[in-house]
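Fold and geometry: a report
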Amino acid sequence: MRRIMNVNPDRVTKLVLGLVPIGLVILLYVMMSHERLALNPADKLMPSLASMGDAIVRYAFTADARTGDVLLWKDTGASLIRLFQGLAISVIAALAVGLLLGVIPLIRAGFAPLISIVSVVPPMALLPILFIIFGLGEVSKIALIVIGLAPFLMRDLTHHVQSIPVEQFIKAQTLGASTWQYIVRVALPQTLPKLIQSTRLSLGPAWLFLISAEAIAAESGLGYRIFLVRRYLAMDVIIPYVIWITLIAFVSDLLLGALSRKLYPWAHDEEPST
Amino acid sequence: MSELLIRNVWKEYGAQIVLERINLHLPAGSFVSLVGPSGCGKTTFLRMILGQEQPTRGDILLDGKPIPREPGPDRGVVFQRYSVFPHLTVIENVLIGFELAAAPFSGVLRGLAREEALEQCRALLDQVGLSEHAGKFPRALSGGMQQRLAIAQALAKKPKILLLDEPFGALDPGTKSQMHELVRHLWKTNAMTIVMVTHDIREAFELGTRVITFDRPRRDPQAPERYGATITYDIPMNDPIISAHKPQPRPDASLFQ
């Protein structure tokens, strides 16, 4: 008998093993929900799959009677636009700052302490300030995402730029590279796959800040909706919304991973295609 | 091809003296091997020629002029590892030298200029035997091939002086002797001055026209940091007695066919 730590599952086994716990969780939910509904048909805490299905039809495929919008798509659109804007600003700012700080010691000496301090300020504590300064509109929500992500990404990318081997730093100069050329031809291309990796890790916090901001003040958005229907204990809406958010986050993570492997084959473990 | 003059160079880190009283004249076209125990400052010495570090005292003159205080295209280098850019293919790794010189802002060549540069890159890759791997990324190459690429990359700039920092230290013996042949050939055809740091004494004597050893001739047991390493032996390999004992390259097998 081999040691258990040496037994690796093949593809099929791996798939089955991965699906079993997911199936079990769903099964457990259905059984518990059934139990509760049998005792009290008006129970709202654990709605049946059928009533969640009804809610999905109402929110995803039927226009709202008052506004004429299909709420799920409207909410998804509003949230994704905010999320995308917040991420885009953070990533572009972090890339610029990371490269400058990582490559130029004088700039690093000037700004690294400030960024280290800012990156430990709890972003949620700044939300009231953002609401006061930027009002309750879109800007304050995007600003919260940026404040939450950018300092972390800046530190992370500065670190990645600095950890390019010194041999390459010297080699580039012996090949005639100026500071600018080192940035655009060596530091930038080697940082981009790390940037994608860091962005993937930031998706979780990005959603956290987005939903928090939407929960407090918004007129649409996925976070806004679940906090709105919470008042009616509408678990049949909340649960599908949460699953939908999870799905979006999961798929965007997969897409970023695939994008990185496609654009930067040299940065990944698989044998690069030539 | 250029001469290098080192005049009374010292290197100190605070109270610790690493190198002291280094005086050396390398005529154009020398191939100097630098040997010595670990931590005796061989690599520090190479870094000072490279401009990566500055001597605490003394001057380093290349063709009579003090070397700049930073690395530049007149001094090429091959390190033991990490010399090539992982994000560029083999040919792009050589091309970048041409691109950096020709395109100050974008650092990228396009169109006809790129084609012309690529032509020269192919010739360089041919010299080091990497033509058929031109499109691969370095990670797909063996250690020996990566070092050959690093050499081709350095040759692209036609440096006055080529610095090799234990370039073959991580290679297996077979690959190593192939690399020796290659470097000897490139040195003769490109008429360069080469300074090579190595731990392999045999390699040092086989390749160099001159072998220089670094060591600490003076020691103070109470304060070991007070005395640095200096040149302890300077052995010219073109000396007829030594040359007679120098291993001759084996005859080419094709002669016997």
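Below is a summary of the structure that appears in this document. (Residues numbered from 1 in each chain as written. Chains lettered and ligands numbered in written order. Predicted model: local features only at pLDDT ≥ 70, side-chain atom pairs only at ≥ 80, totals over all residues. Heavy atoms only, no water.)

Right, let's talk about the pairing of strand β4 (residues 57-62) of chain B for a bit. All names here are of chain B. Taken together, the five bridges between strand β1 (residues 4-13) and β4 define a ladder with antiparallel strand orientation. Each residue of the ladder has a partner; that of Leu5, found in β4, is Leu61. Two strands pair when backbone bridges link them, and β4 and strand β5 (residues 65-66) are joined in this way by two bridges, in the antiparallel orientation. Bridging across to β5, Leu62 finds its partner in Lys65. (Pairing = 2+ DSSP bridges. Helix = DSSP H or I, 4+ residues; strand = E, 2+ residues; numbered from the N terminus.)

The next thing to look at is the pairing of strand β7 (residues 161-165) of chain B. Residue and element names in this part refer to chain B. Taking burial as the measure, the five residues of β7 include five buried ones, the bulk of the element. Neither face of β7 is open: one carries Ile161, Leu163 and Asp165, the other Leu162 and Leu164, and all of them are buried. One ladder, built from four bridges, connects strand β6 (residues 75-78) with β7; its direction is parallel. Counted as the bridge partner of Arg75 is Ile161 from β7. (Buried < 20%, exposed > 50% of the residue type's maximum accessible area, 1.4 Å probe, protein only.)

Once that is clear, we can look at the pattern of salt bridges. Throughout the structure, instances matching the rule amount to 23 salt bridges over all chains. Salt-bridge contacts for Asp74 of chain B lead to Arg75 of chain B; the nearest nitrogen and oxygen are separated by 3.1 Å. We note a salt bridge from Glu119 of chain B to Arg122 of chain B, for which the minimum N-O separation is 3.1 Å. Of this pair, Glu119 of chain B and Arg122 of chain B both sit in helix α3 (residues 111-127), three residues apart, roughly one helical turn. Here the salt bridges do not stand alone but share partners, grouping Arg82, Glu138 and Glu214 of chain A into one network. (Salt bridge = Lys/Arg side-chain N within 4 Å of Asp/Glu carboxyl O.)

This part takes up the environment of Thr198 of chain B. Residues and elements named next belong to chain B. Residue placement: Thr198 occurs in the loop between β8 (193-197) and α6 (201-207). Along the sequence, Thr198 and Phe168 sit 30 residues apart, while their C-alpha atoms lie 8.2 Å from each other. For Thr198, the contacting residues outside a window of four places in its chain are Leu34, Val35, Lys42, Glu166, Glu203 and Ala204. Only 2.7 Å separates the side chain of Thr198 from the side chain of Glu203, close enough to count as a polar contact. (Contact = heavy atoms within 4.5 Å. Polar contact = N/O pair within 3.5 Å; in protein donor to acceptor, adjacent residues only side chain to side chain.)

A few words on the interface of chain A and chain B. Each partner contributes residues to the interface: chain A has 27 residues there, and chain B has 38 residues. Buried area between chain A and chain B, both sides added, is near 2,700 Å², and the carbon and sulfur share of it is 65%. Taken as a group, Lys171, Leu175 and Arg185 of chain A account for 29% of the area that chain A buries against chain B, more than any other trio of residues on that side. Taken together, the connections running from chain A to chain B amount to one salt bridge. Residues Arg185 of chain A and Glu99 of chain B are paired through a salt bridge, measuring 2.6 Å at the closest nitrogen-oxygen approach. (Buried area = accessible area lost by both parts, 1.4 Å probe.)

None of the figures reported here should be taken as evidence of function without further support.
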